[in-house]
Amino acid sequence: MSDDLFASIDALLERPRPVEDLPVPAERERLRKLGEYTQEELAAALKTRRETIVRWEAGATEPRPPKREVYIRFLATLALRHGTVEPAEWLLRAQATGLVPAAPATPTAAEPAHPAAVAAAAPVQTAVSPAPVAAPAVPPAFGGQQDQAVELDCTPAGDLVAEAPAPCVRCGRPTPYRSGGRPVHMGGWCTTASAPPAAAPAASQPAPHSPATVPAPADTARHDAPVAAPRPTGTSRQPAAPRARKTPSKGSAPAAGPADWEAAAAARFPSGPLAVVDTAPDGRGLAAYLADGRPAPTAPGERTLANVVEWALETKLGQGRLHRHGKDGDALVVLTDAALAELGLPPMGRDEKTEFVPRLGRLPDAHKQVKALAKAGWLLTQRGLGPWARVYRAPEDGRRVCVQLCIPAWGALASGGWQIPDGLDAPGLARLLGTYAARVLTPRGSTAVSGLELVTALRPPTKAVRTEAGWSSGVVEGSRPREAFDPAPPEVPDVHPLAEGREAGGELVTEAWDWHRPVSDTERAAPYAVGLDVNMAFLAAAGRLTLPLSKPVHELSPVFDKKIPGSWLVDLSHVETDPLLPSPFTPDGSRPTGPAWYSTVKVAYALELGADVRPAEGWLRHESGPYLDPWHKHLRQAYLDTMAALGVPLDLAGHNPFAFLDAMARLKQGDAAELAVLTAIKQTAKGTIGKFRERPRGHGYRPGQRWAALERPTWDPLMRALVIDTATVNFHRKLRRMADDTGLRAFAVLSDCAVFAASGPDALDVLTKSDGTLTTALRLGVSPGHVKFEGSRPMPEVLELIADGANPGRHMKAGGQVSHDE
């Protein structure tokens, strides 16, 4: 078995040799990401499952021989190529036992940043241990401070320049990064060099597959893991650098600090991502509040819009990129109503000459404020100066110079998923938006727009690749191409040019459920109807979901493969499902009547139910991957953090379901700002999925024309269909299990809310089995995919709603509110 595993891992690295130790869990993940290998690639090479790699990197479990030695070989080689975060005793052991060469395997200048196949490391050579390297004196350019943050050298695209590891000019320990061409660590990564210790002894017995003696590096001193780079001043709530999103597993080692690219991004924006500009308390001039609500050290001086933009850049507002190949977020400046008047900008109204007209969406180009910006050398995007405006200058040295403006008085925060509490002052608004920026992203417009920006921030389409001719653009693995491409004809809405001439029934119809059925006599006799709602159902469905990354290919009579995302023309009318539950194959829950277009998810579910699946046609994507998984993890953690801040921690339902239900009942009494953030996060998840199939907007559009959204690389209706269909299929599975566990069947479903007949008005009256335990079919809890209590109504009222043709799921919300489907 060892030989087979060694042969597999050779595709990534070299022939493995046994070693005794591993780096801390956080370092394992960091090294894999530095090498740009996915967990799937590593799992395939080790002939194990991705979940096993996840547990190794979380420290929940440890690999066992023979996989242990192979895994260490993988990490050690990456550490030699890209540099390791001290302590590195594990790497020294790997070198001493001959598992990896003592000299780092340095890629050539022409080697691409992410090669398709990794070249084997240089062979191990027997040599005398080198003399210890003394730490050079700290040059005056770095101020003599070992913990000072410095700007690392970057490519024009913002990528960190990595060279062969060399002694840091501040501490003497190896680093692959440069500042001004000199080797240097970043902030807290740099530690004071200690006295040179003795070299590690060579192994007394030759290890299998290893030479008799291997030189060990001189620096074998073990010291504590590095401290993360210090938080920039005034960033208690906003993320100067992306924070770790994983919750440490029980017994796992403490997480290491951020990667160098994250620390470098943090140092570029010491003031955080945004500021709210208001009039000063004494009424003289302007004041600014940062994302934690505290006053900014300085405020815009001259009361002009151009000066506010200049001030934002001088204050170094902005947000570090969320992916090493991504782009930093632009500064956001929010102008209060008072600041708007102070800057001479008009209020909202109907007079085009003196007011901002919502119908136009922007100030006229001839307006004196727009002219003043242009005179100061600033440009506006095609959207002009409106509620969400981008003010920029032509890029200098490949770097963006851009500031985004948010003007609430013009309706910027009045809709689009934002629900700002009334009477919120400027510091409070700064804290609210700063919290959203810390947990999600600096707002870029509506929550849907921000969610779509988050997708590409976590999955940038390209990266800088060094070649013999210089720097060029390369593809980031797992991302969609930078150029937009059209989906398949069955997938587009009726107004799309590709839909012209499409036969009736030729569209892939994917919507959330809106279904109810006649109530049985037994259900009619129950005193209550209880609604249970799935938390963040679409977000939960997006995790690890295989999505298209390439253009569709048309095939006739294709053999169905559940691993290929696409649209399939197939007849599922013969698939037998529970007649008391909605059919998973149609939005209205009725049984299919003949051939129709379905996504891969629904055809795979029909196969799971025992159907004979024979597609007549298919529009298939042969390049695919879990494109939305980083987005899912990021938003999931944002949602859980916000619920915890509102008094509903993740594990509450598991420990005490009664306390969980009480906490959820009191949720609306919580902090108004946190509730606004919660709403924004929910709308971000929902709106992002809608953006994948955004329809044309504006009164001047004519069917058959193309519209602006089609030119986005993320405009792909199949992605939306796959997410919604996955949520539907997951819900149907749970409803089937619910019927088996409790004997209860939903008689109405609206999107992710199911209504059951119950003996009492509470969620536990539905979820409790006959033996007194809670069912796990619909698991009570705050986690996305689990359920919460939506509300209850007396059964006679529900019967009246059904008699009027209404779906009871729309009227179950606690407090008498009407629920809207997704």
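Here is a short report on the structure shown in this document. (Residues numbered from 1 in each chain as written. Predicted model: local features only at pLDDT ≥ 70, side-chain atom pairs only at ≥ 80, totals over all residues. Heavy atoms only, no water.)

Looking at the overall build of the chain
The helix and strand inventory of the chain stands at 22 helices and 22 strands. Within the chain, contacts between residues at least 6 apart in sequence are counted, and of these 70% link residues at least 24 apart. (Helix = DSSP H or I, 4+ residues; strand = E, 2+ residues; numbered from the N terminus. Contact = heavy atoms within 4.5 Å.)

Side note on the packing of aromatic side chains
Using the criterion set out here, one finds nine aromatic pairs in the structure. A centroid spacing of 5.0 Å and a plane angle of 70° characterise the contact between Trp-418 and Tyr-436, whose relative ring orientation is edge-to-face. With Trp-418 in the loop between β9 (399-406) and α11 (426-439) and Tyr-436 in helix α11, the pair connects residues that are 18 residues apart, well separated along the chain. Like Tyr-436, Trp-418 is buried. One aromatic cluster is present, built from ring pairs that chain together Tyr-701, Trp-707 and Trp-715. We note Arg-393 situated over the ring of Trp-378; from NZ or CZ to the ring centre the distance is 3.9 Å. (Phe/Tyr/Trp six-rings, centres within 6.5 Å; stacked < 30°, edge-to-face > 60°. Buried < 20%, exposed > 50% of the residue type's maximum accessible area, 1.4 Å probe, protein only. Lys NZ or Arg CZ within 6 Å of the ring centre and 35° of its normal.)

A word on the sheet that holds strand β22 (residues 787-794)
Read from one edge of the open sheet, five strands run β12-β20-β21-β13-β22, paired in antiparallel fashion. Looking at which strands have only one partner, the edges of the open sheet turn out to be β12 (514-516) and β22. Going from strand to strand, the sheet's axes swing by 20° on average, the running direction of each strand aside. Here strand β20 (residues 748-750) pairs with strand β21 (residues 753-758) via three bridges, running antiparallel. (Pairing = 2+ DSSP bridges. Axes fitted to C-alpha atoms, helices over the stretch in contact; angles between N-to-C directions.)

A short note on the pairing of β9
Within β9, six of the eight residues are buried, leaving the element largely enclosed by the surrounding structure. Bridge analysis of strand β6 (residues 331-335) against β9 gives four bridges, and the strand direction is parallel. Residue pairing for β9: Val-333 is matched across the bridge by Leu-405.

Here's the deal with the sheet that holds strand β18 (residues 617-620)
Spatial ordering of the open sheet is given by β15-β18-β16-β17, a layout of four strands whose pairing is antiparallel. Looking along the sheet, the strands with just one partner apiece sit at the ends: β15 (553-556) and β17 (595-599). Pairs of neighbouring strands in the sheet enclose a mean axial angle of 20°, with direction left out of account. Taken together, the five bridges between strand β16 (residues 566-571) and β17 define a ladder with antiparallel strand orientation. From the neighbouring strand, Trp-568 faces β17, where its bridge partner is Tyr-598. Across the sheet, helix α15 (residues 600-608) is in contact with β16 and β17; its angle to β17 comes to roughly 105°.

What to know about the side chain of Asp-292
Among the structural elements, Asp-292 can be located in the loop between β5 (286-290) and α8 (305-314). Among the polar contacts listed, one links the side chain of Asp-292 to the backbone nitrogen of Arg-294, at a separation of 3.2 Å. (Polar contact = N/O pair within 3.5 Å; in protein donor to acceptor, adjacent residues only side chain to side chain.)

Digging into the pairing of strand β11 (residues 470-475)
Pairing of strand β10 (residues 462-467) with β11 involves six bridges; the strand directions are antiparallel. From the neighbouring strand, Thr-462 faces β11, where its bridge partner is Val-475. Following β10, the chain reverses through two residues before pairing antiparallel with β11.

Some words on the side chain of Thr-726
Here Thr-726 is to be found in helix α20 (residues 717-742). Beyond its immediate chain neighbours, meaning those up to four positions away, Thr-726 contacts Ala-541, Leu-545 and Val-601.

A short note on unusual backbone geometry
Cis rather than trans, the peptide bond between Pro-65 and Pro-66 has omega equal to 0°. Its location among the elements puts Pro-66 in the loop between α4 (50-58) and α5 (67-82). Positive phi is not limited to glycine here, since Glu-36 has a value of about 60°. In this fold, Glu-36 is placed in the loop between α2 (25-34) and α3 (39-45). When its relative accessible area of 14% is taken as the criterion, Glu-36 is described as buried. Backbone geometry at Ser-751 places phi at a positive 55°, although glycine is not the residue there.

Overview of the pattern of salt bridges
Applying the stated rule across the entire model yields 42 salt bridges. A salt bridge links Arg-359 to Glu-352; the shortest N-O distance between them is 3.0 Å. Owing to a relative accessible area of 64%, Arg-359 belongs among the exposed residues under this scheme. A relative accessible area of 39% means that Glu-352 is categorised as partly exposed. (Salt bridge = Lys/Arg side-chain N within 4 Å of Asp/Glu carboxyl O.)

Describing the packing of helix α12 (residues 447-458) against helix α19 (residues 672-691)
Where α12 meets α19, the closest approach of the two axes is 7 Å, and the angle between their N-to-C directions is 70°. Comparing the axis directions of α12 and α19 gives the class roughly perpendicular. Where α12 approaches α19, its residues Thr-447, Ala-448, Val-449, Gly-451, Leu-452 and Val-455 are matched on the opposing element by Ala-680, Gln-683, Thr-684, Gly-687, Thr-688 and Lys-691. Classifying every residue of the contact of α12 with α19 gives five nonpolar, six polar and one charged. (Parallel < 35°, antiparallel > 145°, perpendicular 65-115°, else oblique. Nonpolar A, V, L, I, M, F, W, Y, C, P; charged D, E, K, R; others polar.)

Looking at helix α10 (residues 368-375)
For α10, the full list of buried residues reads Gln-369, Val-370 and Leu-373. Looking straight down α10, one finds that the buried residues subtend no more than 105° of arc, so they occupy a single side. Turned more than 90 degrees off the buried face of α10, the exposed positions are Lys-368, Lys-371 and Lys-375. Gly-377, located one to two residues past α10, shows a positive phi value of around 90°. (Arc of directions from axis to C-beta.)

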